[in-house]
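This is what each chain is made of:
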Amino acid sequence: MRSPTAKRPEQSSPEQPEQSSPEQPLLEMRSVNTHYGAVHVLRNVDLAIYKGELVCLLGGNASGKSTTLKTLLGMVKPTSGDVLIDGEVVTSTSIRYRVLKGLTMVPENRRLFKRLTVKKNLALGAFLRSDNAAIVNDLEWVFELFPRLKQRLNQKAGTLSGGEQQMVAIGRALMSKPRILLMDEPSMGLSPALVKQNFDLIQQIHASGITVFMVEQNANLALSIADRGWVLQTGQVVLDDTAGNLLAHPELRASYLGDT
Amino acid sequence: MRTPRTGVDWFLTFLRLLLLGAATLGVLLFIVQQVYPDNLITRWVNPVSANLTASQFKGLLVSGLTQGAMYGLIALGYSMVYGVLGFINFAHGEVFMAGAMTGMIASNKLDDAGIWESNFLGSLAFVLAVAVATSTLAAIAMEKVAYRPLRNSPRLVLLITSVGMSFFIQNASLVLLGAKSKSYPRAAEWLNGNVGVIDVRGSRLLVIAVAGLSAVALWWLVERTKTGMAMRAVAEDAEIAALMGIKVNRTIVTVFAVGGAMAGVAGILWGLMFRSVTHSTGFLPGIKAFSAAVLGGIGHLGGAMTGGLIIGAAESVGPIVFFEPLGVQGATQLKDAVAFLVLVGVLLIRPSGLFGERLPAEDRV
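Rules used throughout
- Residues numbered from 1 in each chain as written.
- Chains lettered and ligands numbered in written order.
- Predicted model: local features only at pLDDT ≥ 70, side-chain atom pairs only at ≥ 80, totals over all residues.
- Heavy atoms only, no water.
- Domains from an automatic or database assignment.
- Contact = heavy atoms within 4.5 Å.
- Buried area = accessible area lost by both parts, 1.4 Å probe.
- Polar contact = N/O pair within 3.5 Å; in protein donor to acceptor, adjacent residues only side chain to side chain.
- Helix = DSSP H or I, 4+ residues; strand = E, 2+ residues; numbered from the N terminus.
- Nonpolar A, V, L, I, M, F, W, Y, C, P; charged D, E, K, R; others polar.
- Salt bridge = Lys/Arg side-chain N within 4 Å of Asp/Glu carboxyl O.
- pLDDT = per-residue confidence, 0-100.
- Buried < 20%, exposed > 50% of the residue type's maximum accessible area, 1.4 Å probe, protein only.
- Pairing = 2+ DSSP bridges.
- Axes fitted to C-alpha atoms, helices over the stretch in contact; angles between N-to-C directions.
- Parallel < 35°, antiparallel > 145°, perpendicular 65-115°, else oblique.
- Left-handed = near helix turned anticlockwise from the far one by under 90°.

## Remarks on the domain arrangement of chain A
All names here are of chain A.
No. 1: Entries for chain A in the domain assignment read domain 1 (24-102 + 178-260) and domain 2 (112-177).
No. 2: Just the C-alpha atoms count here: the centres of domain 1 and domain 2 sit 24 Å apart.
No. 3: The interface is formed by 16 residues belonging to domain 1 together with 12 residues belonging to domain 2.
No. 4: Here domain 1 packs against domain 2, burying approximately 1,100 Å² in sum over the two surfaces, 78% of which is carbon and sulfur.
No. 5: It is Pro178, Leu201 and Ile205 in domain 1 that bury the most area against domain 2; as a group they hold 36% of the surface buried on that side.
No. 6: Here domain 1 and domain 2 share 1 residue pair in polar contact (both at pLDDT 80 or more) between them.
No. 7: Secondary structure elements with two or more residues in the side of domain 1 that touches domain 2: α2 (95-100), β7 (180-184) and α7 (192-207).
No. 8: Top contributing element to the side of domain 1 that touches domain 2 by residue count: α7, with 5 residues.
No. 9: Per-class residue counts for the side of domain 1 that touches domain 2 are 11 nonpolar, 3 polar and 2 charged.

Dropping the structure here:
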């Protein structure tokens, strides 16, 4: 297992002083509408994620969860509304710019570069960075979180087991030194034991100072570790509350948590 | 779990055995002929076939490898573009021709000025730079004008567009430079002598050296630089590559540029070896280089280079070794057939090419 003492290397970030007031969200969506062709996927979605939070977005299939993440990252452009990082409107900027601003994502189904080695996959995570010493530190941190990756370093990512691939996917995201980590269905396709491990890990990453925003279908588990959450239904935010309240919410219990 | 064999499988097996059998028989007869030049079979099947001396054999092999090095350099472009965009850029042979053409023009200008003779290596470097620049620009322009607007179309549309692009470039050259075959000035005299202990013509050594250096430079670019890492990432999953902060469009342009540069180098080497160029010079080498890329496993760069060398060597040595002992008259004219037979043979046995890899279809969990 991972050593619980694994600490993220000290964030030496003079370029990111604590100038943001407590009310300033780190990442924000303001009345965003997104279309795929004629299909109206997101309808007036408002989200605000604050520094240091662990928040989740819940919803059934095709409710627009993944699209929300893609819109936040700029992989999909909204038809109206704005995406803001630190209060700065980034709606029309490239993915690259947002990654530089500290956004990153663990995509659905991991999407590793399967023909490349684990080492190259991790190096690609740090593609935009040139602070070599800090990259080495972050790599050490990833190895502390996932000691098993150290033995797999020169193996092609496609030859790893599902659990190991998940480690590489998270490691690759962490290598970009994110301020906020977006996770698309982190429990998808993993065995129950691995799901539990995965959620422990998310908490550990969160504890190291990275804001986490995850999208999940497994509402029970997600809410058990999150501070707050939103529920998305056919592209609209229908609930926005603390994790505790959401867990107790009768409607949500009925539709997502499997209660009858 | 195996699916039951169908008639097609049996037919393929039959073809495999036939090809292997013919190749083995040819090689055996060749060896027999070398040892007993006057044996019965030889007298029976091909009374005029001559015994091949070791130095003749070496000559054939070296000229084949030289030609193969060019195929390999061109094949790299096919393979790289296929890697990132998933289609065969059939206009790539024309990129090679464009390099050979401009190299011809530049070298003749230098020859007129008398510099070609007096400072051969310097002129060669200059001509190489001109050809590489032309081929690179041609490849980049092609990507911008023809392929980028179709980026999200089915791959077949891109493929057909590349065939159209190929006709366009050939005809542009025909209009601008005419149909007559044009030739490079003679290479420096000292290049035609044999060199050192290995006793190989200097010009061939030069070709192999330049090709080798280019291949090493490309390997370094792909394996050791961030640009190369970006190329491989885009080749595998462009969307996720963008998520890493890679500029996907710029990376694709770089791939075309690098492939074009390699074809430009090959164009000059062609000029050094064969001297004559026409507007259709790009066609056959282009097709053979494409075969080389497939033979090596499309998308695999080492495979493309190896495939080129194999096809070059096979078409040079093959006719004498396989066909002459079997009693075929004028076997050397079968060199193109041998090149493609080798491709068919390899694909029958390894459908994904020599180095082509197949990953497990889905994630293992």
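## Regarding the interface of chain A and chain B
No. 1: Taken together, the contact pairs 33 residues of chain A with 24 residues of chain B.
No. 2: Summed over both partners, the interface of chain A with chain B buries about 2,700 Å², with 57% contributed by carbon and sulfur atoms.
No. 3: Broken down residue by residue, the surface that chain A buries against chain B is led by Phe113, Arg115 and Phe127 of chain A, which jointly contribute 25%.
No. 4: Taken together, the connections running from chain A to chain B amount to 5 salt bridges.

## Overview of the confidence of the model for chain A
No. 1: On average, residues of chain A score 88 in pLDDT, and 89% of them are at 70 or above.
No. 2: The low-confidence segment residues 13-18 of chain A, where pLDDT is below 50, has 2 contacts with residues more than four positions distant or belonging to other chains.

## A look at the pairing of strand β9 (residues 228-233) of chain A
Residue and element names in this part refer to chain A.
No. 1: Where burial is concerned, most of β9 is hidden: 5 out of the 6 residues are buried.
No. 2: Of the strand pairs in this sheet, strand β3 (residues 54-59) and β9 are connected by 5 bridges, and their pairing is parallel. Bridge pairing in β9 links Leu57 to Trp230.
No. 3: Bridge count for β9 against strand β10 (residues 236-242) is 6 bridges, and the pairing is antiparallel. Counterpart to Trp230 in the pairing with β10 is Asp240.

## Remarks on the sheet that holds strand β4 (residues 80-85) of chain A
Residues and elements named next belong to chain A.
No. 1: Reading across from one edge, β2-β1-β4-β5 is the order of the 4 strands in this open sheet, with antiparallel pairing throughout. Each of the sheet's edge strands pairs with one partner strand only, and the pair in question is β2 (39-49) and β5 (88-89).
No. 2: Two elements, strand β1 (residues 27-36) and β2, share 7 bridges in a ladder whose sense is antiparallel. Residue Thr34 lies in a different strand from β2, and its bridge partner there is Leu42.

## Topic: the environment of Ile202 of chain A
All names here are of chain A.
No. 1: With respect to the helices and strands, the residue Ile202 is situated in helix α7.
No. 2: The class for Ile202 is buried, based on a relative accessible area of 0%.
No. 3: Here Ile202 is in contact with Leu54, Met183, Pro186, Val212, Met214 and Ile225, once residues within four sequence places are set aside.

## Some details on the sheet that holds β7 of chain A
Remark on secondary structure: sheet strands pair via backbone hydrogen bonds, oriented parallel or antiparallel.
Residue and element names in this part refer to chain A.
No. 1: Ordered by their spatial adjacency, 6 strands build an open sheet running β6-β7-β8-β3-β9-β10, and the pairing between neighbours is mixed. This sheet does not close on itself; its edge strands, each paired only once, are β6 (103-106) and β10. Taking the axes of each pair of neighbouring strands and ignoring which way they run, one obtains an average angle of 20° across the sheet.
No. 2: Each of β3, β6, β7, β8 (211-216) and β9 is contacted by helix α1 (residues 65-73), which is oriented at about 150° to β7, the strand it contacts most.
No. 3: Each of β6 and β7 is contacted by helix α6 (residues 162-174), which is oriented at about 175° to β6, the strand it contacts most.

## Description of the packing of helix α13 (residues 283-296) of chain B against helix α14 (residues 301-323) of chain B
All names here are of chain B.
No. 1: In the contact formed by α13 and α14, the axes pass within 7 Å of each other and the chain directions differ by 120°. Relative to α14, α13 is oriented oblique. Considering only the axes of α13 and α14, their crossing is right-handed. From α13, Lys288, Ser291, Ala292, Ala293, Leu295 and Gly296 reach across to α14, where they touch Gly303, Ala304, Gly307, Gly308, Ile310, Ile311 and Glu315.
No. 2: Here the contact of α13 with α14 is composed, by residue class, of 6 nonpolar, 5 polar and 2 charged.

## Section: the packing of helix α1 (residues 7-35) of chain B against α14 of chain B
All names here are of chain B.
No. 1: Running from N to C, α1 and α14 point in directions that differ by 80°, and their axes come no closer than 7 Å. Accordingly, the angle class assigned to the pair α1 and α14 is roughly perpendicular. Contacts from Ala23, Gly26, Val27 and Phe30 in α1 reach Ile320, Val321 and Phe322 in α14.
No. 2: Looking at the contact of α1 with α14, its residues break down into 6 nonpolar, 1 polar and no charged.

## A word on the environment of Ala75 of chain B
All names here are of chain B.
No. 1: Turning to its location among the elements, Ala75 is positioned in helix α3 (residues 54-85).
No. 2: Judged by its relative accessible area of 0%, Ala75 falls in the buried class.
No. 3: Remark: the alpha-carbon pair of Ala75 and Lys288, spanning 213 residues in sequence, is separated by 8.3 Å.
No. 4: Beyond its immediate chain neighbours, meaning those up to four positions away, Ala75 contacts Ala289, Ala292, Ala293 and Ala304.

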